[in-house]
Amino acid sequence: MSYTRAADGTLEVPPDEPRVRHLAREALGLMAFSALASTTLAGCLLLLTTLGHQG
């Protein structure tokens, strides 16, 4: 988000706010981690149930 000053028209961005592309990169990283974790967990559960039926 950006802020403009009405007096001189300069663009002012507070230094502590992350840029949109950084937020998007973090969101994509979180989605990738979530997908990988879910897939791994589902695979482990499938493997355990398959081994449980064989023994």
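Being a predicted model, the structure only gives us computed values, none of them experimental.

A. Molecular detail of the overall build of the protein. The number of helices and strands found in the protein is 1 helix and 2 strands. When the helices and strands of the protein are placed in sequence order, the string is β-β-α. As presented, the protein carries roughly 5,100 Å² of accessible surface, and 67% of it is formed by carbon and sulfur atoms.

B. Structural detail: a nonpolar patch on the surface. Taken together, the side chains of Leu-41, Leu-45 and Leu-48 present a nonpolar region at the surface, about 320 Å² in accessible area. By the secondary structure assignment, Leu-48 is in helix 1 (residues 20–54). For Leu-48, a relative accessible area of 58% puts it in the exposed group.

C. View of the confidence of the model for the protein. When pLDDT is averaged along the protein, the result is 86, and 75% of the positions lie at 70 or above. The secondary-structure element of the protein with the lowest mean pLDDT is strand 1 (residues 3–4), recorded at 60, while helix 1 shows the highest, at 96.

About the thresholds
- Residues numbered from 1 in each chain as written.
- Predicted model: local features only at pLDDT ≥ 70, side-chain atom pairs only at ≥ 80, totals over all residues.
- Heavy atoms only, no water.
- Helix = DSSP H or I, 4+ residues; strand = E, 2+ residues; numbered from the N terminus.
- Areas by Shrake-Rupley, 256 points an atom, 1.4 Å probe, with all protein chains shown as cover.
- Patch = residues over 30% accessible without salt bridge, like charges linked within 9 Å, V, L, I, M, F, W, Y side chains within 5 Å.
- Salt bridge = Lys/Arg side-chain N within 4 Å of Asp/Glu carboxyl O.
- Buried < 20%, exposed > 50% of the residue type's maximum accessible area, 1.4 Å probe, protein only.
- pLDDT = per-residue confidence, 0-100.

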